[in-house]
2 protein chains.
Amino acid sequence: MAYGVVMQALIDELGRLPGIGPKSAQRIAFHLLKVAPEDAVRLAEAIVAVKERVTLCPRCFNVAEGELCNICSDSRRDGSVLCVVEDPRDIVALEKAQEFRGRYHVLHGALNPIEGVGPGQLRMGELFERLDDEGVKEVILGTNPNLEGEQTLMYLARQLKPLGLKVTRLASGLPVGGDLEYADELTLGRALEGRREVDA
Amino acid sequence: MAYGVVMQALIDELGRLPGIGPKSAQRIAFHLLKVAPEDAVRLAEAIVAVKERVTLCPRCFNVAEGELCNICSDSRRDGSVLCVVEDPRDIVALEKAQEFRGRYHVLHGALNPIEGVGPGQLRMGELFERLDDEGVKEVILGTNPNLEGEQTLMYLARQLKPLGLKVTRLASGLPVGGDLEYADELTLGRALEGRREVDA
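Residues numbered from 1 in each chain as written. Chains lettered and ligands numbered in written order. Predicted model: local features only at pLDDT ≥ 70, side-chain atom pairs only at ≥ 80, totals over all residues. Heavy atoms only, no water.

1. Here we look at unusual backbone geometry
Residues and elements named next belong to chain A. Operational definition: Where helices and strands are cited, they refer to DSSP runs of H or I of at least four residues and of E of at least two residues respectively, numbered from the N terminus. Each residue's exposure class comes from its accessible area (1.4 Å probe, protein chains only) as a fraction of the maximum for that residue type: buried when under 20%, exposed when over 50%, partly exposed otherwise.
Phi at F61 takes a positive value of approximately 70°, unusual for a residue other than glycine. Positive phi outside glycine occurs at Q98, with the angle close to 50°. When you line up the elements, Q98 lands in the loop between α4 (88–96) and β4 (102–106). Exposure remark for Q98: the relative accessible area of 72% places this residue in the exposed category.

Given below as structure tokens:
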């Protein structure tokens, strides 16, 4: 063994994290060896704290550090509009836009028949329960614009439409600040299809 | 704040690690949130263990988990040949070659006048003390083949030569398995300069 057992154990544990290869794990382990003990302990404690104190919100399945997540516990949010997303990180991204004042529902994945992810593996039952309980009027389907996200969106739309709800999806088109020349055909196709009259 | 304080604290701590940007920190934090509690605790404990149990070898300044590092405490190693390297990771790389049976000395850096790294900031004094104490006959200068490493090598060579020691350096040339077409001019120049007669 190239390193001692203690050092190797840390390199192995770091190497299990997503996106951390053997070289990065080694680099981070040596970095931790060099930093002040209190800095390393703070990282170790932060890891333990997340496992002990962060749970999933029982209502929307966002991450929560109290009874409910900070969106569900905010009474100023509009409960009549629900945005369905795949992952809690999507909520963070959407919140940054400061455009949406409704609530969220996290599916924790997308339909993927090839990998055996069906409606039962996602938080879909809980979504349908919320619709009546919370008096939801509009559901925004905010799944990812890829194959799995699209399948999930179509599946949910077919279930939600008959319930008399307004069902919407996020607009597809050119990213702001992007370059038309570098946009792919599908995105350009969607941008043309969804073109809007200019108010001038 | 997009996340709760506990989650944000972990993302911040992870983001301080080398090579981990904000997106990776977020991804790792969510990964840790999902894994079994014992897996997360094992990582936290490994970090603490490294700070508590891994030190620098007082002889060669390699990482050590006992009194001396595992190379200095191995009596079968040849104490008359010393290989000087910049970093403990270089020892791991050289040991993998299974070619060297001597001992090492880790400088913990290279001379870099622009960033204020002089001989006093490196473990150079300790190197000269070892030469007499351990009866060293050859010093292999194994610094990195870049500007700082080369400066350090020349500085040490000028100090070591007058002491009547054999002073050598690692060979420069084409990497094994590499493609001549893609080698840079400097490497090709060194490969030509260091050409050897073929035993056939």
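Right, picking up where we left off after that structure.
2. Comments concerning the packing of aromatic side chains
Both the distance between ring centres and the angle between the ring planes are used here to describe each pair of aromatic rings. Residues and elements named next belong to chain B. Keep this limit in mind: Each Phe, Tyr or Trp ring (for Trp, its six-membered ring) is paired with any other whose centre lies within 6.5 Å, and the angle between the two planes then decides the class: stacked below 30 degrees, edge-to-face above 60, tilted in between.
Within the structure shown, the criterion is met by 4 aromatic pairs over all chains. Aromatic side chains F100 and Y104 sit 5.1 Å apart centroid to centroid with 65° between the ring planes, which places their arrangement in the edge-to-face category. When its relative accessible area of 17% is taken as the criterion, F100 is described as buried. Under the relative-accessibility criterion, Y104 is labelled buried at 1%.

3. Comments concerning the state of the cysteines
What is meant by a disulfide is a covalent connection between two cysteines, made through their sulfur atoms. All names here are of chain A. Short version of the rule: By convention in this document, the label disulfide applies to cysteine sulfur atom pairs within 2.5 Å.
Taken as a whole and judged by the stated rule, the model has 0 disulfides over all chains. Just so you know, C69 is unpaired, no disulfide at all, and the nearest cysteine sulfur is the one on C60, 3.6 Å from it. With a relative accessible area of 0%, C69 lands in the buried category. Between C83, a free cysteine, and C60, which holds the nearest cysteine sulfur, the sulfur-to-sulfur gap is 11 Å.

4. Details of the interface of chain B and chain A
The test is simple: Contacts: residue pairs with any heavy atoms within 4.5 Å of one another. Once two parts are brought into contact, the accessible area they lose, counted with a 1.4 Å probe and summed over both, makes up the buried area. Definition used for salt bridges: Asp or Glu carboxyl oxygen within 4 Å of a side-chain nitrogen of Lys or Arg. Within 3.5 Å is the distance limit for a polar contact, defined as a pair of N or O atoms, with the added protein rule that one can donate a hydrogen and the other accept it, and that residues adjacent in sequence qualify only through two side-chain atoms.
With 47 residues of chain B in contact, the opposing surface of chain A contributes 46 residues. Taken over both partners, the interface formed by chain B and chain A buries close to 4,400 Å², and the fraction arising from carbon and sulfur atoms is 73%. Together, V6, K51 and R89 of chain B form the three largest contributors to the area buried by chain B at its contact with chain A, with a combined 15%. Our count for the chain B to chain A interface comes out at 2 salt bridges. One salt bridge in this structure joins E13 of chain A and R42 of chain B, with 2.7 Å as the shortest N-O distance. In this assembly, chain B and chain A are joined by 14 residue pairs in polar contact (both at pLDDT 80 or more).

5. Observations concerning the relation of the copies chain B and chain A
Rule in force here: Least squares is used to superpose the copies, and the fit set is the C-alpha atoms of residues whose pLDDT is at least 70 in both copies.
Superposition of chain B onto chain A requires a rotation of 180° combined with a translation of 0.0 Å along the rotation axis, giving an RMSD of 0.1 Å. Overall, the copies show the geometry of a two-fold rotation axis. Across chain B, the rotation axis passes nearest the C-alpha of A44 of chain B, at a separation of 2.1 Å. The share of interface residues of chain B whose copies in chain A are also at the interface is 98%, consistent with both copies meeting through the same surface.

6. What about the pattern of salt bridges?
Charged atoms that come close allow side chains of opposite charge to pair. Tallying each qualifying case throughout the model produces 20 salt bridges over all chains. For E126 of chain A, the salt bridge goes to R123 of chain A, with nearest N and O atoms at 3.3 Å. Taken together, the shared-partner salt bridges in this structure form one network comprising E13 and R16 of chain A together with D39 and R42 of chain B.

7. Here we look at the side chain of T152 of chain A
All names here are of chain A. Relative to the helices and strands, T152 is located in helix α6 (residues 147–160). Judged by its relative accessible area of 0%, T152 is buried. For T152, the side chain forms a polar contact with the main-chain nitrogen of L111, separated by 2.8 Å.

8. Quick look at the side chain of R77 of chain B
Residues and elements named next belong to chain B. With respect to the secondary-structure elements, R77 resides in the loop between β2 (63–64) and β3 (78–85). Note on R77: relative accessible area 7%, which makes it buried. There is a polar contact of 3.3 Å between the side chain of R77 and the backbone oxygen of F100. Within polar-contact distance, the side chain of R77 engages the backbone oxygen of G102 at 2.9 Å. Those residues in contact with R77 that lie beyond four places of it in its chain are I71, E95, F100, R101, G102, R103 and Y104.

9. Topic: the confidence of the model for chain A
Residue and element names in this part refer to chain A. Put simply, the rule is: Note: pLDDT gives the predictor's confidence per residue, expressed from 0 to 100.
Taken over all residues, the pLDDT of chain A has a mean of 91, while the share at 70 or more is 99%. Here helix α7 (residues 185–193) is the element of chain A with the lowest mean pLDDT, 82, and β4 is the one with the highest, 96. Prediction confidence for the complex, expressed as pTM and ipTM, is 0.79 and 0.79 respectively.

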